[in-house]
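Working through the structure, step by step
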Amino acid sequence: MTLLPEELKKDFPLLQRTVRGGRDLVYLDSGATSQKPVRVLDAEREFYERHNAAPHRGAHLLAEEATGRYEDARATIATFIGAVPGELVFTKNATEGINLVAYAMSNAATSGPESERFKVGPGDEIVVSEMEHHANLVPWQQLCQRTGATLRWFGITDEGRLDLEHLDEIINERTRLVALTHQSNVLGTVPPIDLITARARQVGALVLLDGAQSVPHQPVDVAALGVDFLAFSGHKMLGPTGIGVLWARRELLEAMPPFITGGSMIEVVRMEGSTFMPPPQRFEAGVPMTAQAIGLGAACDYLTELGMDRVHAHEEALVAYSLERLGEIPGVRLIGPLSTDARGGAVSFTVDDIHPHDVGQVLDELGVAIRVGHHCAWPICRRFNIPATTRATFYLYNTLADVDALADGVRHAQKFFGTH
Ligand code: PLP
């Protein structure tokens, strides 16, 4: 394996604990949220113990230090995705970043060369896919409802890939924005972003990538991707909860109206009206999530030192092994691509004659934490005609032994319910 996960586990205090009567914890739910290394916990604690103040306000030393650390974190995170700090807006999570863009597209009271692109109305189309997390689906449904625009989507092939047969028809001259997952949280699928982006460029449409499952798990470089927006969450990449990022091309951010308004984002306020700061401050109203941003900066440092190529390769090995181990169990149906090509570390499956919730419960009794349900991507379950799946998701601290524990647990569930 390219990483030494047994060694890395020592950096994560939570992974030292036992569960369910002294069993070792096998944590296979990092797609929902990742565990945090001491480095991140220390960065937050150090901020509160030594520098706590509201950034961008106050004239005292602590305020200066807090501002410096907050902006340093922005620069670190920007570097992590190949961006510059002025293009990076801190949000609560990926969900909020996507909502920010959707809101801008129905409230465009802006000026400048790019502003026309945000005025969506009847006759315009927004394109998503059937494999989106609800966070990258519901905001676009709502945008279409508010503006009279039409929502269109790519389907999913039987193999669990994006169905691109009608690419040129689905993305057409009426398309204003294509909002797509960069890695499915259920199927693991990584869609061919270059093809989609090339077609979107032909018709002048914007492209937003939901990077909630890609940025934590594979090297991501926004310049190389050639997209317009990228949203992701800190808590899925070893960082704290309550911090996320919306990256956008600077010209677009400049053309976008504010989403949440109030303190810290204004230039001049009079009773008759107000003017707003340039981005990114325009989109960061109120006292920001300062310790969380600093924690996320520390997470990026940790990941950078390990190397995202190695993190990705490690997960690829775990996926290959779990596809093999689960695939050899009679009665297990894998949902999603069966090869590791263009695929990340989410492995979903059903077990004949046992409801996923029951599989989850048996695994939990054994100390194996996985997720069951529709994983906030309900249309995928409809597409495959199943009520729910059991899903294992991996990260840098998972071992091949964790995969063995999962496979053994599934066999145990089958024995328990007498199905095999
Ligand atoms: N997009 C994908 C693909 C996800 O997996 C998730 C969370 O699971 C989200 C978006 C939403 O992330 P958050 O809840 O952190 O906003």
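Residues numbered from 1 in each chain as written. Predicted model: local features only at pLDDT ≥ 70, side-chain atom pairs only at ≥ 80, totals over all residues. Heavy atoms only, no water.

The name that an unreviewed UniProt entry assigns to the protein is Cysteine desulfurase, with the source organism given as Actinomadura rugatobispora. Taken directly from UniProt, the Cofactor (unreviewed entry) text for the protein runs: "pyridoxal 5'-phosphate". Quoted verbatim from the Catalytic activity (unreviewed entry) field of the UniProt record, the comment on the protein reads "(sulfur carrier)-H + L-cysteine = (sulfur carrier)-SH + L-alanine". (UniProt positions renumbered as here; feature names shortened; annotations may be inferred.)

Taken in spatial order, the 4 strands make up an open sheet running 13-14-17-16, and their pairing is antiparallel. Of all the strands in the sheet, just strand 13 (332–335) and strand 16 (371–373) have a single pairing partner and so form its edges. Recorded for the sheet is a direction-independent mean angle of 30° between the axes of neighbouring strands. Relative to strand 17 (residues 389–393), strand 16 runs antiparallel, the two being bridged by 3 bridges. (Pairing = 2+ DSSP bridges. Helix = DSSP H or I, 4+ residues; strand = E, 2+ residues; numbered from the N terminus. Axes fitted to C-alpha atoms, helices over the stretch in contact; angles between N-to-C directions.)

Further remarks concern the domain arrangement of the protein. By the assigned domains, the protein splits into domain 1 (5–30 + 307–416) and domain 2 (42–305). Each side of the interface is counted separately: domain 1 has 36 residues, and domain 2 has 33 residues. Where domain 1 abuts domain 2, roughly 2700 Å² becomes buried across the two surfaces, and 56% of that area is made up of carbon and sulfur atoms. Along the contact surface separating domain 1 from domain 2 lie 1 salt bridge. Residues R383 and D158 are paired through a salt bridge, measuring 2.7 Å at the closest nitrogen-oxygen approach. (Domains from an automatic or database assignment. Contact = heavy atoms within 4.5 Å. Buried area = accessible area lost by both parts, 1.4 Å probe. Salt bridge = Lys/Arg side-chain N within 4 Å of Asp/Glu carboxyl O.)

What follows concerns the packing of helix 2 (residues 38–51) against helix 3 (residues 61–80). Helix packing for two helices is described by the angle between their axes and how far apart those axes are. Packing of helix 2 against helix 3 leaves a shortest axis separation of 10 Å and a crossing angle of 160°. The angle between helix 2 and helix 3 places the two elements in the roughly antiparallel class. Of helix 3, the residues touching helix 2 (which contributes E46, F47, R50 and H51) are L62, E65, A66 and R69. For the contact of helix 2 with helix 3, the per-class residue count stands at 3 nonpolar, 1 polar and 4 charged. (Parallel < 35°, antiparallel > 145°, perpendicular 65-115°, else oblique. Nonpolar A, V, L, I, M, F, W, Y, C, P; charged D, E, K, R; others polar.)

What follows is about the nonpolar core. Counting residues in each nonpolar core, the largest one holds 74 residues, and the members touching the most others are I81, F154, L230, M237, L238, L303 and L396. Among the elements that take part in this core, helix 10 (residues 290–306) stands out by supplying 10 residues, more than any other. Domain assignment of the residues forming this core places at least three in each of domain 1 (5–30 + 307–416) and domain 2 (42–305). Beyond its immediate stretch of four places on either side in the chain, L230 contacts I81, L209, G211, V215, V220, V222, V245, L246 and W247. Core analysis: the next-biggest nonpolar cluster, separate from the first, contains 30 residues, L100, L151, L208 and M256 among them. (Core = buried A, V, L, I, M, F, W, Y, C linked by side-chain atoms within 4.5 Å. Buried < 20%, exposed > 50% of the residue type's maximum accessible area, 1.4 Å probe, protein only.)

Here we take up the packing of aromatic side chains. Going through the model one piece at a time under the given rule, you end up with 7 aromatic pairs. Measuring from centroid to centroid gives 5.2 Å for Y70 and F90, while their planes differ by 45°, and the two rings are tilted. With Y70 in helix 3 and F90 in strand 4 (residues 88–91), this pair connects stretches of sequence that are 20 residues apart. Looking at F90, the relative accessible area reads 3%, which means it is buried. Ring-pair connections join several aromatic residues into one group, and the members of that group are F12, Y302, Y395 and Y397. One cation-aromatic arrangement involves R382 over W378; the distance from NZ or CZ to the ring centre is 4.9 Å. If you follow R383 out to its NZ or CZ, it ends over the ring of F384, 4.9 Å from the centre. (Phe/Tyr/Trp six-rings, centres within 6.5 Å; stacked < 30°, edge-to-face > 60°. Lys NZ or Arg CZ within 6 Å of the ring centre and 35° of its normal.)

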